[in-house]
Amino acid sequence: MGVVNVTPDSFSDGGLWIDPEAAVRHGLELVEQGADLVDVGGESTRPGALRVDAAEERRRVVPVVRELASAGVAVSVDTMRADVAEAALEAGAALVNDVSGGRADPAMVPLAASSGARIVLMHWRGHSDHMQDLTQYDDVVTDVLTELREQVDRALAAGVRPEQVVVDPGLGFSKTGAQNWTVLAGLHRFVALGLPVLVAASRKGFLGHLLADAEGPRPPLGSDDATAAVTTLAAQAGAWCVRVHEARASADAVRVVARLAQETAQLTAHEGIHRA
Ligand code: PMM
């Protein structure tokens, strides 16, 4: 999943794709790099960000979704608002990516149920202006899994079908840097839920902190290689999708993991025959 943030203030690419034509060009470039999906968002969710006006969010997102969808691109819309999601679905979006996992807008889950669209439910505890005050966990992997399972159950109880649901542990959302690493180490437990898992580590602060030098944390644009490393590990752990700002390295990494998985399966079968 390649990211197009049609925002002036996103963490890594704020302002770059605010012009709709530039946003569409960038979406097409991500597809050329190997992205199967392009995620279009009009609201920054970086720590501390304030909410954008709903009409402004719709104005940013819908023309870009329409243009990319009409070019044959599979588009997801990154929004916490049901009316923005609905307008994007009408404009041709195939998937709704709700970082609040249905918690921010009570109309989102009913929209998913009535439209039948696939929906990403991300683990979420609160809006960006205070989410980093909500990082208390007894055991971060177990607690995130429990809360995410509750979000999924709420969606299923409201009529969303299991095949529609994608889950996401929400790296960076109400999680400290150290907690992000713990969640990544426990990714297999999210995969074991039996639902497709999306992982979005791309250019996030915890990578910049890992790669810090004497001048301080590595800026977001400098962590694409580390992002591709996370993609490799996430693919190996069985993730369904990674959400990334630069798609080529991650698309290549996924192909390497898939090829090696095929080879490993053949080798295991071969060894089984020899043992038998
Ligand atoms: N993170 C951001 C935006 N959208 N969607 C999902 N499903 N998961 C995420 O972790 C996520 C997201 C923030 O990233 P950006 O502003 O740097 O693109």
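The structure we're discussing is the one just above.
Here the structure is a predicted model, which means the values were calculated and not measured.

Criteria and cut-off values
- Numbers given for residues are sequential positions, taken from 1 along each chain in its written order.
- Only residues with pLDDT of at least 70 get local features here, since the model is predicted, and only at 80 or more are side-chain atom pairs given and counted; chain-wide, interface and lining totals rely on the full set of residues.
- In computing side-chain values, all of the structure's heavy atoms are included and hydrogens and water are not.
- To define a nonpolar core, start from buried Ala, Val, Leu, Ile, Met, Phe, Trp, Tyr and Cys residues and group those joined through side-chain atoms within 4.5 Å.
- Burial classes: relative accessible area under 20% of the type maximum marks a residue as buried, over 50% as exposed, and values in between as partly exposed (1.4 Å probe, protein chains only).
- The helix and strand labels rest on DSSP assignments: H or I over at least four residues marks a helix, E over at least two residues marks a strand, and numbering proceeds from the N terminus.
- By convention in these notes, a residue is near a molecule or strand provided one of its non-hydrogen atoms lies within 4 Å of it.
- A 3.5 Å cut-off defines polar contacts: any pair of N or O atoms within that distance qualifies, except that in protein one atom must be a possible hydrogen donor and the other a possible acceptor, and neighbouring residues in sequence count only when both atoms are side-chain atoms.
- Residue burial considers only the protein chains on display, and all accessible areas are found by Shrake-Rupley using a 1.4 Å probe.
- Only protein atoms enter the 1 Å grid used here, on which a cavity is any set of points holding a 1.4 Å probe that cannot leave and a pocket is any open set flanked by protein within 12 Å on both sides along at least five of seven lines; residues with an atom within 4 Å of a point are listed as lining.
- The way we define it, a molecule is inside a pocket or cavity when more than half of its atoms are within 2 Å of that pocket's grid points.
- Each residue is assigned to one of three groups, with Ala, Val, Leu, Ile, Met, Phe, Trp, Tyr, Cys and Pro labelled nonpolar, Asp, Glu, Lys and Arg labelled charged, and all others, Gly among them, labelled polar.
- We count a salt bridge whenever a side-chain nitrogen from Lys or Arg sits within 4 Å of a carboxyl oxygen from Asp or Glu.

**Re the nonpolar core**
If you look at the biggest cluster of nonpolar residues, it comprises 63 residues, and the most contacted ones within it are Val-40, Val-65, Leu-68, Phe-190 and Val-199. The leading source of residues in this core is helix H5 (residues 140-157), at 7 residues. Core analysis: the second largest hydrophobic core is formed by 8 residues, Met-1, Leu-95, Val-120 and Leu-198 among them.

**A look at the site of the ligand**
Of all residues adjacent to the ligand, which total 15 residues, the nearest are Asp-78, Asn-97, Asp-168, Lys-204 and His-245. Measuring from an oxygen atom of the ligand, one finds a side-chain N or O atom of Asn-5 at 3.0 Å. With respect to the ligand, the side chain of Lys-204 contributes an N or O atom lying 2.6 Å from an oxygen atom. Notes on the ligand: free accessible area 420 Å², of which the protein chains cover 96%. The cavity that encloses the ligand is the largest pocket. For the shell around the ligand, the secondary-structure elements that each account for two or more residues are strand S1 (2-5) and strand S5 (118-122). Within the shell around the ligand, the residues separate by chemical class into 7 nonpolar, 4 polar and 4 charged.

**Some details on the pattern of salt bridges**
Per the counting criterion, the structure on display carries 12 salt bridges. Here Arg-51 ties to Glu-43 by a salt bridge, and the two come within 3.0 Å at their closest N and O atoms. For Arg-51, a relative accessible area of 36% gives the class partly exposed. The class for Glu-43 is buried, based on a relative accessible area of 8%. Note that Arg-161 is salt-bridged to Glu-163, the shortest N-O span being 2.9 Å.

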